[in-house]
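Okay, here's what each chain looks like letter by letter:
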Amino acid sequence: MENPWRRELIKALIGAPLLPFLPVNAFAGHKRPKVQIELPPFPIQDTYLKGEKKGGRILIVGGIHGNEPGAYKAAEILRHVKVKRGELFIAPRMNFVSILANRRGYNGDMNRKFAHLSPKDPDYERVKWLKNYVKEVKPALLLTLHDGFGFHSVNPRAWGQCIVIDEERYRNFSLGKEARLVSKRVNRFFKKREWRVPVYNTHTFSPKTKHPEQRKSLTYFCLKEANVPAICLETSKQMPNLELKVKTHLLLLKEFFALHSVEIEPGFDYIISHLKEFLKPNISYSVNLNINGRSVLVSSNRTFKLPKNSRVEFTSFHGTAGTNAVSPDVNMNFRKIGIKRRIAFDVKDDFRKIFTVRFVVV
Ligand SMILES: [Zn+2]
């Protein structure tokens, strides 16, 4: 027997406009959208800090995976310190669109894109930028930060809470020796067995490696193509809170900095004991919009009714370096969007939503 409710549902679904908006790129040769909205490209952020005293040269990469806030927040904190000795290079949010989407890889896993990548890939420009940056900076050590799954000390297949090296030794780099020294020093702070941070050797260069996929990773690229020693630091997604994830990263970074004669002010101990303030700065958020030539500052939820043919531009974001806007209604890679009816943009501080700006075409 036919179900009239089902028939109504199908009718409603077919009759419903599936896409009230389309990316502007899709309009070439078609009718123009009623309203066009433009956002600035996602910035590639990097910071260079140099101390007065001579020391080592470290490059820190955060946010290759977007759902790993312990990693990119730790990197971000270090952008705000003073370097007393040595040199520090920081690229905190390599995968900004994935951070805002709070997804591992909005465009697929970025850490599998360092061997070959199509220029058509949405991450292409950012990956290319990082590869050039590594070769230009030529640090004495690159540390890439992640929040892995589980706890390696109790589950050797888990990637959480460990220091990952591709080989014990590679060329003249003693990766294993350095990583074990850091591991030993940091583990004094972790009484819980599962929170301990052992060394995980993936033997990526060995023909018998269990992790051939790591040959597409950033650390493998650094070692093989850029002759730069690179180590991956992992806290765990299962640590009870963000503070403990960031703390794990900072404890590890502290020891690597000591080994490479890089000194910062305030020191790591001060930062760790004031982490709450570093993670939740007392800050107000806003965005500047230009709507048909008129400048508007928005700092809370707001809906704009727009006449046809309106032009809207997000001109600037105010808050932290993680403040930006994305729309859950469209492909988040698009920064020029044509809409016919309505769209919402979430203004976010990294993964955290602050407020929503809605546009309705009238
Ligand atoms: Zn990761």
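Since the model is a prediction, treat every value here as computed from it, not as a measurement.

What counts as what
- Residues numbered from 1 in each chain as written.
- Predicted model: local features only at pLDDT ≥ 70, side-chain atom pairs only at ≥ 80, totals over all residues.
- Heavy atoms only, no water.
- Salt bridge = Lys/Arg side-chain N within 4 Å of Asp/Glu carboxyl O.
- Helix = DSSP H or I, 4+ residues; strand = E, 2+ residues; numbered from the N terminus.
- Buried < 20%, exposed > 50% of the residue type's maximum accessible area, 1.4 Å probe, protein only.
- Axes fitted to C-alpha atoms, helices over the stretch in contact; angles between N-to-C directions.
- Parallel < 35°, antiparallel > 145°, perpendicular 65-115°, else oblique.
- Left-handed = near helix turned anticlockwise from the far one by under 90°.
- Contact = heavy atoms within 4.5 Å.
- Patch = residues over 30% accessible without salt bridge, like charges linked within 9 Å, V, L, I, M, F, W, Y side chains within 5 Å.
- Areas by Shrake-Rupley, 256 points an atom, 1.4 Å probe, with all protein chains shown as cover.
- Lys, Arg positive; Asp, Glu negative; His and termini not counted.
- Charge placed at Lys NZ, Arg CZ, Asp CG, Glu CD.
- Phe/Tyr/Trp six-rings, centres within 6.5 Å; stacked < 30°, edge-to-face > 60°.
- Lys NZ or Arg CZ within 6 Å of the ring centre and 35° of its normal.
- pLDDT = per-residue confidence, 0-100.
- Expected span 1.5 Å × (residues − 1).
- Arc of directions from axis to C-beta.
- Donors = N, O, S within 2.8 Å, 3.2 Å for Na, K, Ca; no water.
- Tetrahedral: all angles 85-135°; square planar, octahedral: opposite > 155°, others 65-115°.

**Concerning the pattern of salt bridges**
Right, so step 1: The full count for this structure, using the stated rule, is 20 salt bridges.
Right, so step 2: Measuring nitrogen to oxygen at the nearest pair gives 2.5 Å for the salt bridge that ties Glu76 to Arg93. Here Arg93 lies in the loop between β5 (82-91) and α3 (96-101) and Glu76 lies in helix α2 (residues 69-78), a separation of 17 residues in the sequence.
Right, so step 3: The salt bridge partner of Glu265 is Lys84, with a shortest N-O separation of 3.7 Å. In this pair, Glu265 sits in strand β10 (residues 263-265) while Lys84 sits in strand β5, placing the two residues 181 residues apart along the sequence.
Right, so step 4: Note on Lys84: relative accessible area 31%, which makes it partly exposed.
Right, so step 5: The network of salt bridges with shared partners includes Lys73, Glu76, Arg79, Arg93 and Asp350.

**Digging into the packing of α2 against helix α7 (residues 242-259)**
Right, so step 1: Two elements in contact, α2 and α7, have axes separated by 8 Å at closest approach and are oriented at 55 degrees. Regarding the angle of α2 to α7, the classification is oblique. Both α2 and α7 take part in a crossing whose hand is right-handed. Facing Pro69, Gly70, Ala71, Lys73, Ala74, Ile77 and Leu78 of α2, the residues of α7 in contact are Leu242, Lys245, Val246, His249, Leu250, Leu253 and Phe257.

**Details of a positive patch on the surface**
Right, so step 1: Residues Lys34, Lys308, Lys340 and Arg341 make up a contiguous surface patch of positive charge.
Right, so step 2: On the secondary structure map, Lys340 appears in the loop between β16 (336-339) and β17 (342-349).

**Here's the deal with the packing of aromatic side chains**
Aromatic ring pairs are described here by two measures, namely the spacing of the ring centres and the angle between the planes.
Right, so step 1: With the rule as written, the count across this model stands at 13 aromatic pairs.
Right, so step 2: Relative to Phe205, the ring of Tyr170 lies with its centre 4.2 Å away and its plane at 25 degrees, an arrangement referred to as stacked. Residue Tyr170 is located in the loop between β7 (162-165) and α5 (175-186), and its partner Phe205 is located in the loop between β8 (199-201) and α6 (218-226); the two are separated by 35 residues in the primary sequence.
Right, so step 3: Residue class for Phe205 comes out partly exposed when judged on its relative accessible area of 23%.
Right, so step 4: With a centroid separation of 5.7 Å and an interplanar angle of 20 degrees, the aromatic rings of Phe304 and Phe359 are classed as stacked. In this pair, Phe304 is assigned in strand β13 (residues 302-306) and Phe359 in strand β18 (residues 352-361), connecting sequence segments 55 residues apart.
Right, so step 5: Accessibility expressed as a relative area gives 8% for Phe304, which makes it buried.
Right, so step 6: Ring-pair connections join several aromatic residues into one group, and the members of that group are Phe304, Phe314, Phe317, Phe345 and Phe359.
Right, so step 7: Cation over ring: Arg93 sits above Phe96, and NZ or CZ is 5.9 Å from the ring centre.
Right, so step 8: Sitting above the plane of the Phe42 ring, Arg335 keeps its charged end 3.8 Å from the centroid.

**Here we look at the confidence of the model for the chain**
Any region with low pLDDT has predicted coordinates that should not be read closely.
Right, so step 1: Averaged over every residue, the pLDDT of the chain is 92; the share at 70 or more is 91%.
Right, so step 2: Taken as a whole, residues 1-29 scores under 50 in pLDDT and shows 27 contacts with residues more than four places along the chain or in a different chain.

**Notes on α5**
Right, so step 1: Helix length check: α5, at 12 residues, gives a terminal C-alpha distance of 17 Å against a target of 16 Å (1.5 Å per residue), a fit within 8%.
Right, so step 2: Considered for burial, the residues of α5 that qualify are Leu175, Gly176, Glu178, Ala179, Val182, Ser183 and Val186. Considered in projection along α5, the buried side chains sweep an arc of 165 degrees and stay on one side of the axis. Exposed and oriented more than 90 degrees from the buried face of α5 are Lys177 and Lys184.

**A look at the coordination of the zinc ion**
Right, so step 1: Donor atoms from the polypeptide that coordinate the zinc ion comprise His65 (ND1), Glu68 (OE), Glu68 (OE) and His146 (ND1), at 2.1 to 2.3 Å from the metal.
Right, so step 2: One can describe the donor arrangement at the zinc ion as irregular, given that its 4 donor atoms subtend angles of 57 to 147 degrees at the metal.
Right, so step 3: Taking relative accessible area as the criterion, His65 reaches 4% and is therefore assigned buried.

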